[in-house]
Amino acid sequence: MSGGHGGPITGSVLKARTMHLRRKLVAGNWKMNGSLAALTELGPIAEAARAAGGVDVALCPPFTLIAPAVARSGGLSIGGQDCHWAESGAHTGGVSAAMLKEAGAKLVIVGHSECRAERGESDSVVRGKAEAALAQGLQTIVCVGESDAERRAGDQLAIVARQLEGSLPDDWKDGELVVAYEPIWAIGTGKVATPADIAAMHAAIRAALVARFGDLGLRIRILYGGSVKADNAAETFAVADVDGALVGGASLTAESFVPIVEAAAAS
Ligand code: PGA
């Protein structure tokens, strides 16, 4: 996908292109879980993805498992969970977007709330990472989402608007920008945002993307993340402007991840 804003396209033509371009994307985030032995899960996931069709499926294991996962991906996209903003240099512990690409990664998650919280990542740091990843041609999932306290105060729309403003790059020539809305209170807690909450936020994110990027903003996929499981996936995918899911815990096994892929394909 190009970051160019393109010529004017309107009405049904735009809608048709948008529907086509916004295929559902289901991305698994293994976080700091997994092992070489766990890569046996990839086979049945890839098989289900091929059988389901019409949906993009990706898995982001820890860095050390990327190359071996690529070797047995069976057509799944394999990605990283983070990358550095710099290309190389004195950044102990850092992994650059170019290194991810060399390992065979097709995508990367940046700005996950766990990285923002544990490492104090600011919006501008996240933006630098997104720019670096896009420059390598990676599909780049930028995460945003409010805390429990922010939602209870009714500030969620303002918080996410600010995160989008600060975390998304202004322009990019390569790669594909994807936004993931992940309310922090729903991550790993079993609490799922209601379809109405998700609809309100995704509509606000879509409006912000269109205001900032024009037609391109209609083509950017917006994922929902936070305790997505087999039993809530279908109702989540049915919400307008939900273009897929970022899945943590339920992506660790084929048994729990495949039904989510199938729900996306059926939506
Ligand atoms: P969860 O994690 O599905 O385990 O809630 C989602 C995420 O953090 O990406």
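Before reading further, recall that the structure is shown in the block above.
Residues numbered from 1 in each chain as written. Predicted model: local features only at pLDDT ≥ 70, side-chain atom pairs only at ≥ 80, totals over all residues. Heavy atoms only, no water.

Engineer: Is there a simple way to explain the layout of surface pockets in this structure?
Structural biologist: Over the atoms rolls a probe the size of a water molecule, and in doing so it shows where empty space is left. Reported here for the largest pocket is a volume of approximately 590 Å³. Along the wall of the largest pocket there are 24 residues; nearest its centre are F63, Q81, D82, C115 and R119. When residues of the lining of the largest pocket are traced back to their parent elements, those giving at least two are α5 (113-118) and α6 (123-135). It is α5 that contributes the most residues to the lining of the largest pocket, three residues altogether. Per-class residue counts for the lining of the largest pocket are eight nonpolar, nine polar and seven charged. (1 Å grid on protein atoms, 1.4 Å probe; cavity = no way out; pocket = protein on both sides within 12 Å on 5 of 7 lines; lining within 4 Å. Points joined across faces, edges and corners; volume = space filled by probe spheres on them. Helix = DSSP H or I, 4+ residues; strand = E, 2+ residues; numbered from the N terminus. Nonpolar A, V, L, I, M, F, W, Y, C, P; charged D, E, K, R; others polar.)

Engineer: I tried to follow helix α2 (residues 42-52) on my own but got confused; where do I start?
Structural biologist: Along an α-helix, a turn takes 3.6 residues, which lines up residues three or four apart on a common side. Of the residues making up α2, those classed as buried are L42, I45, A46, A48 and A49. All buried residues of α2 fall inside an arc of 160° around its axis, so they share one side. Of the exposed residues in α2, those oriented more than 90 degrees away from the buried face are E47, R50 and A51. On its buried face, α2 sits against β2 (55-60), α3 (66-71), β3 (77-80) and α12 (254-266). Phi turns positive one or two residues past the end of α2, at G53, with a value near 65°. (Buried < 20%, exposed > 50% of the residue type's maximum accessible area, 1.4 Å probe, protein only. Arc of directions from axis to C-beta. Contact = heavy atoms within 4.5 Å.)

Engineer: Where do I start with the site of the ligand in this structure?
Structural biologist: In the vicinity of the ligand lie 13 residues, with K31, H112, E182, G188 and S227 positioned nearest. Backbone polar atom of S227 to an oxygen atom of the ligand: 2.7 Å apart, as the coordinates give it. G248 has a polar backbone atom sitting 2.8 Å from an oxygen atom of the ligand. When the ligand sits alone it has 280 Å² of accessible area, and the protein chains cover 97% of it. (Near = heavy atom within 4 Å. Polar contact = N/O pair within 3.5 Å; in protein donor to acceptor, adjacent residues only side chain to side chain. Areas by Shrake-Rupley, 256 points an atom, 1.4 Å probe, with all protein chains shown as cover.)

Engineer: Help me understand the environment of V110, please; the structure alone is not making it clear to me.
Structural biologist: Along the chain, V110 falls in strand β4 (residues 107-110). Along the chain, V110 and G74 lie 36 residues apart, while their C-alpha atoms are 25 Å from each other. If sequence neighbours within four positions are ignored, V110 has contacts with C83, V126, K129, A130, T140, I141, V142 and C143.

Engineer: What am I meant to see in the packing of aromatic side chains here?
Structural biologist: Aromatic rings in a pair are described by how distant their centres are and how their planes are angled relative to each other. A full pass over the atoms with the stated rule returns two aromatic pairs. Between W172 and F213, the aromatic rings sit 5.4 Å apart at their centres with planes inclined by 80°, giving edge-to-face as the arrangement. With W172 in the loop between α8 (156-167) and β6 (176-181) and F213 in helix α9 (residues 195-213), this residue pair connects regions lying 41 residues apart in the sequence. There is no split in this pair, since W172 and F213 are both buried. (Phe/Tyr/Trp six-rings, centres within 6.5 Å; stacked < 30°, edge-to-face > 60°.)

Engineer: Help me understand the pairing of β2, please; the structure alone is not making it clear to me.
Structural biologist: Within a regular strand, the side chains alternate between the two sheet faces. Here β2 lies mainly inside the structure; five of its six residues are buried. Sheet topology places strand β1 (residues 24-29) next to β2; six bridges connect them, and they run parallel. Considered in β2, the bridge of N29 is made with C60. Assessed by its sense of winding, the connection that carries the chain from β1 through α2 to β2 is right-handed. Across two bridges, the pairing between β2 and β3 is parallel. When the bridges of β3 are listed, L59 appears paired with I78. Between the parallel elements β2 and β3, the chain passes through α3 in a crossover that is right-handed. (Pairing = 2+ DSSP bridges. Right-handed = clockwise from strand over helix to strand, strands pointing away.)

Engineer: Please clarify how α9 should be interpreted in this entry.
Structural biologist: A rise of 1.5 Å per residue sets the reference length of α9, with its 19 residues, at 27 Å; its end C-alpha atoms lie 26 Å apart and thus fit the reference within 8%. The elements touched by buried residues of α9 are α7 (148-152), α8, β6, α10 (216-219), β7 (221-225) and α11 (230-237). Where α9 ends, the next residue or the one after it, G214, has phi of about 65°, a positive value. (Expected span 1.5 Å × (residues − 1).)

Engineer: Teacher, can you tell me more about the pattern of salt bridges here?
Structural biologist: Pairs can form between side chains of opposite charge whenever their charged atoms are close. This structure, assessed with the given rule, holds 18 salt bridges. One salt bridge connects D123 with R116, and the closest N-O pair in it is separated by 2.6 Å. Neither residue differs from the other here; D123 and R116 are each classed as buried. The salt bridge involving E146 is made with R151; its shortest N-O contact spans 2.7 Å. As far as the burial class goes, E146 and R151 line up, both buried. Within the structure, one salt-bridge network assembled from shared partners comprises R22, R206, D241 and D243. (Salt bridge = Lys/Arg side-chain N within 4 Å of Asp/Glu carboxyl O.)

Coordinates in, geometry out; function isn't part of it.
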